[in-house]
Amino acid sequence: GVEIPDRLPDGQYLVCVPNLLLSQWQEEGMRFMDNRVWSFLQYPSSASQVKNFWRAWTQKGLDDPANKGTVVVFISHQVSLFYLLISSILTLSRL
């Protein structure tokens, strides 16, 4: 059988899911994982919301290397990796 570890290492994880399951997966993660250690975020599908996503990211201190918590970002398959990278780089440069 498949061996499942007791816990995942601290870090940042990007989970790509079908658009219809995006909210469900985020809710399931919040239901079954310790919210004091895990942060669950949903990457926006709208370009107008990207800046607010990264602003909230920095306000929560998730960009701080000293933050030992685990962050899981759920993103829809419909949001391309290219869009994610380019819009994030442009947004972070304007904060």
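Keep in mind that what you see is a predicted model, and the values were worked out from it rather than measured. Counting from 1, residues in each chain are numbered in the order their sequence is written. Given that this is a predicted model, residues contribute local features only at a pLDDT of at least 70 and side-chain atom pairs are listed and counted only at 80 or more, while totals for whole chains, interfaces and linings are drawn from all residues. Side-chain metrics in this entry use all non-hydrogen atoms of the structure; hydrogen atoms and water are not considered.

Let's talk about the nonpolar core
- Take the buried residues of types Ala, Val, Leu, Ile, Met, Phe, Trp, Tyr and Cys, join any two whose side-chain atoms come within 4.5 Å, and each joined set is a nonpolar core. Burial classes: relative accessible area under 20% of the type maximum marks a residue as buried, over 50% as exposed, and values in between as partly exposed (1.4 Å probe, protein chains only). L41, Y43, V50, F53, W54, W57, L62, V71, V73, I75 and V79 together form the largest nonpolar core, which totals 11 residues.
- The numbering of helices and of strands both runs from the N terminus, where a helix is a DSSP run of H or I of at least 4 residues and a strand a run of E of at least 2. Counting residues per element, the ones that place at least two in this core are α2 (47-59) and β3 (70-76).
- Ranked by residue count, the leading element in this core is α2, at 4 residues.
- Note on contacts: a residue pair is in contact if any heavy atoms of the two residues lie within 4.5 Å. Excluding its chain neighbours within four sequence positions, the residues that come into contact with F53 are L41, Q42, Y43, P44 and V73.
- One finds L22, W38, V72 and F74 within the second-largest nonpolar core, a separate group that totals 6 residues.

A few points about the environment of C16
- Relative to the assigned elements, C16 resides in strand β1 (residues 12-17).
- With a relative accessible area of 47%, C16 lands in the partly exposed category.
- A C-alpha to C-alpha distance of 9.2 Å links C16 and Q78, two positions 62 residues apart in sequence.
- Excluding anything up to four places from it in sequence, C16 contacts I75 and H77.

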